[in-house]
Amino acid sequence: MNGLLHNLGWNDYWQEQWDALAAVECRPARVTREDRGQYQLVCAAGDVTGELSGKMRNTARSRSDLPAVGDWVAVRVSDAGEIGLVEAVLSRTSAFIRKAPGGRTEEQIVAANIDVVFLVMGLDHDYNVRRLERYLTLAWDSGASPVIVLNKADLCEDLEPCRQELDGVAFGVPVCVTSAADGVGLGDLRAHVGPGRTAGFVGSSGVGKSTLINALLGETRQTVRAVREDDSHGRHTTTRRELLPLAGGGLLIDTPGMREIQLWGDESGVQQTFRDIESLAVQCRFHDCQHGAEPGCAVRAALDTGELDAGRFQSYQKLQRELRYLAMRQDEGARSVERKRWRQIHKEARRLRKWEEKHGR
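Here the structure is a predicted model, which means the values were calculated and not measured. (Residues numbered from 1 in each chain as written. Predicted model: local features only at pLDDT ≥ 70, side-chain atom pairs only at ≥ 80, totals over all residues. Heavy atoms only, no water.)

1. Brief notes about the nonpolar core
What counts here: Residue types Ala, Val, Leu, Ile, Met, Phe, Trp, Tyr and Cys, when buried and joined through side-chain atoms within 4.5 Å, form a set referred to as a nonpolar core. Burial status follows relative accessibility: with a 1.4 Å probe on protein chains alone, a residue under 20% of its type maximum counts as buried, one over 50% as exposed, and anything between as partly exposed.
Within the largest apolar cluster, 55 residues are counted, with the highest numbers of intra-cluster contacts made by L41, F96 and L119. In this structure, V149, L186, V193 and L252 belong to the second largest nonpolar core, which totals 20 residues.

2. Quick notes on the packing of aromatic side chains
The condition is simple: Aromatic rings from Phe, Tyr and Trp, taking only the six-membered ring of Trp, are treated as a pair when their centres fall within 6.5 Å; an angle between ring planes under 30 degrees marks them as stacked, one over 60 as edge-to-face, and anything in between as tilted. Secondary structure elements follow DSSP: runs of H or I of four or more residues count as helices, runs of E of two or more count as strands, with numbering from the N terminus.
Under the criterion given, the structure shown has 7 aromatic pairs. The interplanar angle of 75° and the centroid separation of 6.3 Å between the aromatic rings of W10 and W18 together place this pair among those described as edge-to-face. For the pair W10 and W18, a shared accessibility class is recorded, and that class is buried. Ring centres 4.8 Å apart and planes at 70° place the aromatic pair W10 and W72 in the edge-to-face group. With W10 in the loop between helix 1 (3-7) and helix 2 (12-21) and W72 in strand 4 (residues 72-77), this residue pair connects regions lying 62 residues apart in the sequence. The exposure class assigned to W72 is buried, which follows from its relative accessible area of 1%. An aromatic cluster is defined as three or more aromatic residues linked by ring pairs; in this entry it consists of W10, Y13, W14, W18 and W72.

3. Remarks on helix 7 (residues 209-217)
The buried count for helix 7 comes to 7 of 9 residues, which makes it a mostly enclosed element. All of the buried residues along helix 7 are K209, S210, L212, I213, N214, L216 and L217. With its phi angle positive at about 80°, G218 sits one or two positions after the end of helix 7.

4. Some remarks on the confidence of the model for the protein
Cut-off, in case you're wondering: Each residue carries a pLDDT score, the predictor's confidence in it, ranging from 0 to 100. The contact criterion used throughout is that any non-hydrogen atoms of two residues lie within 4.5 Å.
Taken over all residues, the pLDDT of the protein has a mean of 84, while the share at 70 or more is 81%. In the predicted structure, residues 228-236 sits below a pLDDT of 50 and forms 20 contacts with residues beyond four places in sequence or in another chain.

5. Regarding the pairing of strand 13 (residues 251-254)
Short version of the rule: DSSP-based pairing: two strands are paired if at least 2 bridges between them are found.
Burial along strand 13 is two-sided: L251 and I253 and L252 and D254, pointing in opposite directions, are all buried. Direction of pairing for strand 12 (residues 242-245) relative to strand 13: antiparallel, over a ladder of 4 bridges. For L243, the partnering residue across the bridge sits in strand 13 and is I253. From the end of strand 12 to the start of strand 13, which pair antiparallel, there are 5 residues, and G249 there has a positive phi angle of about 105°.

See below:
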């Protein structure tokens, strides 16, 4: 196995896929950056600029069929060795996906083939447990292992209330307390990223993702900007996703700060994030209990005694409603695509009939 590919995360899983793909005259490469339809790739021979082949453009049914940062692809490299055509995307092991910002019901892959996802919150005005529940839901859906990162510890005078609040949310998810400014907790982050492993950083703008990545890299690769003192927000420093190699092995994916973090997936992520509520729900007298006024509701009993926090339950219900609405929109979208397909079929049939009538056939 090529040493560079191994450092990029290539292993037996990818090799088996590659052998089955039988991509003649292609090379395996990993996507390190994407910018308006152009891809920066790295393969055994070095860096390559790639674009989609005509076949990929025509057969892609949705954005998820197209390459994303972190993907392994089959690329056909030109004789000069600098430009390549991306012919196929290998099946992903994981993908951190959210609904794309705006009104369209479309997914957006934030990072692909990650082993661990660092959910970064700042211990200043950014700290928000309800938002963390949303991030955890997406993380569990992704297939990667979540790690909660509480950054800017130097700005927090008392960590204990935050730790106590996380006890009712994290449920075994590792928590790292860091300060990129002071170098605190960097070793804890490195422990989750070894040779051949990929970690993605997600979080709001201004939480310090790029600063943490610079500290782990040991050099200033990602631009950082100051944030507003009143609310700790600022302009997005990172404007595109990028895969960055660590000197000691492992890879990091930096992502732009997220103003919107809408769900995309099924209910498995919600069930994993809110396993305490799910455990209570199975104790309800009725299997279809809505946890309202039904008799024998274990969830309502836990709310009444204070065992279950009301804010957490409201967050659980909100995410469930969001997923149901998403499923409805996806069904409507699928029906719309099917209607367009049949309209095109009928259009082609009419065109063929007219041609046959004209030519007497």
